[in-house]
Structure formats: C-alpha cells, structure tokens
Amino acid sequence: MVKINGKDFDVSGKTIAEYLTEANYNLKYIAVERNGEIVTKGQYASTVLADGDTVNIVSFVGGG
Amino acid sequence: MLPTKEEMIAALEKRHGVETQRKFLSATVAICGLGGLGSNIAIALTRAGIGKLILIDFDRVDLANLNRQQYKLSQVGMFKTDALCENLKEISPYVELEPHCVRITEDNAKELLKEADILCEAFDNAESKAMLTNIVLKKMPEKYLIAGSGLAGLGSANTIKTRKAMRHFYICGDEVSDVNKGIGPVASRVLVCAAHQAHMVLRILTNEFEA
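A brief structural summary. Remember, predicted model here, so these are calculated numbers, not experimental data. (Residues numbered from 1 in each chain as written. Chains lettered and ligands numbered in written order. Predicted model: local features only at pLDDT ≥ 70, side-chain atom pairs only at ≥ 80, totals over all residues. Heavy atoms only, no water.)

Here the focus is the sheet that holds strand β5 (residues 144-148) of chain B. Residues and elements named next belong to chain B. In spatial order, the strands read β3-β2-β1-β4-β5-β7-β6; together these 7 strands make up an open sheet with mixed pairing. Each end of this open sheet is capped by a strand with a single partner; those strands are β3 (96-100) and β6 (161-166). Taken pair by pair, the neighbouring strands of this sheet meet at an average axis angle of 20°, ignoring direction. In terms of strand pairing, strand β1 (residues 28-32) meets strand β2 (residues 52-56) through 5 bridges, oriented parallel. In the strand pairing of β2, threonine 28 is matched with lysine 52. Together, β2 and β3 form the strand contacts of helix α4 (residues 80-91), whose direction differs from that of β3 by roughly 170°. Sitting on the sheet, helix α7 (residues 187-205) touches β1, β4 (118-121), β5, β6 and β7 (169-173), and the angle it makes with β5 is about 165°. (Pairing = 2+ DSSP bridges. Helix = DSSP H or I, 4+ residues; strand = E, 2+ residues; numbered from the N terminus. Axes fitted to C-alpha atoms, helices over the stretch in contact; angles between N-to-C directions. Contact = heavy atoms within 4.5 Å.)

Listed below in structure tokens is the structure:
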C-alpha cells in the first residue's frame, strides 16, 4: 500500500506519472513529495511507487 | 513631522513586546506577486514591523485590480512595485523594501529570493503557483514557503484555512475555489486568505510552526 494524501492506495509498482494520470491530476498545477523529498516533474515518469511510500500531492487552483 | 525610527519601534514594542519585535525586525520576507494576496500580505507585514520585504511583480496597476488590491485609483498604470512601495512607506517610512519589477522564472528565482527567510507565494494563476512551489521545495528546501490557493467567490470565509502541507510548506485557502469558475475574487475573502498567509509568517518568526 502507498499512502497518498493520508489515504492508502494499492498502487505500488506504478510510476508517479501513471498514478497522477489515473487520478486525473493536471501536471501543470501540482507539486509532489515522496517520503519527504520533492519529486520534480521530470522525475514523475521514472519514479516507481513502492509499498510503504508516503506521497503528498498538492494541487493549486487559480486566484490571487 | 515624521516620528523617528526609534519612536516607531517603541510603539511596535508596546504592542508586540520587545523580544517579539526584535524577531520581526530582523526578518526578511519575500512576497512573490503583488496582487490581491501579495499587496494585502505586504501591508500586514509592514504594520507588524518586519525588517525587510522583497517585493516581486512585473505588472502594472489596472482598474480591475481595485476591487481587492491595495492600490488607489490615482495609481492605475503604475508598476505595482512602485505603487506598493509608496503605500507601504506611508504606513511605515523605515521598513526596508527591495522591489523587483520582473517576472519570476525558474532561472532567476533562486537569486531573487536568496536573502529571504520566508517566502509568500501570491501569484494569480495555478501554473505559476506550482512552478514556484516546485522550485522552492527542490532548490531552497531550507526556506519556508507559504502559498495561497482557493480564495475566489462568495463561499464562506470560514472555509479558508492554513494547512501545513510539507515540512517547510504551508497552504492557505480552501484549495478548491478556482478563480476561473463562478465569480472572481472579492476583497473580503481574498483578505482572509492574505491574512492567513501573513499570520503564518509571524507565527514562524516566533517559532510557532503548527498551522
């Protein structure tokens, strides 16, 4: 199981890019942290989620 | 006649206490974007007696900004950096201001923000917010970043919150109300969000790290 934004998901083995696409995130509007380290956009496709990972995804909306 | 710097500091110490004011005075805070969030954050931090503000925006004051941004009708057409410096100096002539009339990019961010202890993200569009957040968290992990997301419309003011999203990263807003859906930002709700951001700055400076 991978903990994403506080909830458990059965997504170990998938890349971050695969998860983000499935979960309908717009890649332009987000920041992703995995096990306390920021994952840059260039690393989404090469970072494979593993059992026990903790992932934080922040998705911004416009307005300021 | 203007009061002296010492008189102004004494007045702040009377409200905030000597020790707290020392922390505020020795801080440098950067505000990225000087629109509805940024201009209001800048005013709150100037009133608190923050020592130095780095103010960054490339844009000019537009008539359509006046519904929520801290500019005057007489300032329409001015660069926001110039207009805001004018307004802040009227509140506190001794606040140190470092304006940069530029667009923040991946290439110049680190240099522009290097002196700041705490950064406020106050851009308008979601893509810029994400761009700055990714750069700061990756390249400047020692700094604190306080972002705004979700403040548009006439939803309840009570849904605007401060959340500690990562170790040095806080988000203020409801994280849902998009400016591109429904009605745009109104002064009162934008002010709530800006106040959350400014308040988190003051909390961090006094070693209160919980949202």
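Resuming the write-up.
A few words on the packing of helix α3 (residues 36-48) of chain B against α4 of chain B. All names here are of chain B. With their axes 10 Å apart at the nearest point, α3 and α4 run at an angle of 25° to one another. Considering their axes alone, α3 and α4 lie roughly parallel with respect to each other. The element α3 and its partner α4 pack so that their crossing is right-handed. Across the interface between the two elements, Ser39, Ala42, Ile43, Thr46 and Arg47 from α3 touch Leu84, Leu88 and Ile91 from α4. Of the residues belonging to the contact of α3 with α4, the class tally is 5 nonpolar, 2 polar and 1 charged. (Parallel < 35°, antiparallel > 145°, perpendicular 65-115°, else oblique. Left-handed = near helix turned anticlockwise from the far one by under 90°. Nonpolar A, V, L, I, M, F, W, Y, C, P; charged D, E, K, R; others polar.)

Below, the discussion takes up the packing of α3 of chain B against α7 of chain B. Residues and elements named next belong to chain B. In the contact formed by α3 and α7, the axes pass within 8 Å of each other and the chain directions differ by 45°. It follows that α3 is oblique to α7 by the angle criterion. The chirality of how α3 crosses α7 is right-handed. Touching Gly36, Leu37, Asn40, Ile41, Ala44, Leu45 and Ala48 of α3 are Val190, Leu191, Cys193, Ala194, Gln197, Ala198, Val201 and Leu202, all from α7.

Right, let's talk about the nonpolar core for a bit. Residues and elements named next belong to chain B. Ranked by size, the top nonpolar core spans 40 residues in total, and within it Ile31, Ile41, Leu45, Ile50, Leu53 and Leu55 carry the most contacts. At the level of elements, β1, α3, β2, α4, β4, β5, β7 and α7 are the ones that each hand at least two residues to this core. In terms of residues, this core owes the most to one element, α7, which gives 9 residues. Look past the residues within four positions of isoleucine 31 in its chain and what remains in contact with it is Gly38, Ile41, Ala42, Leu45, Ile54, Leu55, Ile56, Cys120 and Ala122. Counting residues in hydrophobic clusters, the runner-up holds 29 residues, among them Leu113, Leu119, Leu137 and Leu145. (Core = buried A, V, L, I, M, F, W, Y, C linked by side-chain atoms within 4.5 Å. Buried < 20%, exposed > 50% of the residue type's maximum accessible area, 1.4 Å probe, protein only.)

Before going further, it helps to spend a moment on the layout of surface pockets. Residues and elements named next belong to chain B. In this model, the largest pocket occupies a volume close to 430 Å³. Along the walls of the largest pocket sit 24 residues, with Asp57, Phe58, Phe123, Asp124 and Asn125 positioned nearest its centre. When grouped by side-chain class, the residues that make up the lining of the largest pocket number 8 nonpolar, 8 polar and 8 charged. (1 Å grid on protein atoms, 1.4 Å probe; cavity = no way out; pocket = protein on both sides within 12 Å on 5 of 7 lines; lining within 4 Å. Points joined across faces, edges and corners; volume = space filled by probe spheres on them.)

This paragraph deals with the interface of chain B and chain A. Counting residues at the interface gives 30 residues for chain B and 20 residues for chain A. Buried area between chain B and chain A, both sides added, is near 1,900 Å², and the carbon and sulfur share of it is 62%. Three residues stand out in chain B for area buried against chain A, namely Asn134, Lys138 and Met166 of chain B, and they jointly supply 29% of the buried area on that side. At the level of secondary structure, the elements contributing two or more residues to the side of chain B that touches chain A comprise α3, α6 (126-139), β5, β6 and β7 of chain B. Taken together, the residues that form the side of chain B that touches chain A break down as 13 nonpolar, 8 polar and 9 charged. (Buried area = accessible area lost by both parts, 1.4 Å probe.)

A few words now on the pattern of salt bridges. Residues and elements named next belong to chain B. Overall, the coordinates contain 12 salt bridges over all chains when judged by the stated rule. Arginine 163 is the salt-bridge partner of glutamate 175, the closest N and O atoms lying 2.8 Å from each other. Pair noted here: glutamate 175 is in the loop between β7 and α7 and arginine 163 is in strand β6, with a separation of 12 residues, a long-range link. For glutamate 175, a relative accessible area of 24% puts it in the partly exposed group. Using a relative accessible area of 33% as the deciding quantity, one classes arginine 163 as partly exposed. In the salt-bridge network here, residues are joined through shared partners; they are Lys52, Glu96, Glu98 and Glu115. (Salt bridge = Lys/Arg side-chain N within 4 Å of Asp/Glu carboxyl O.)

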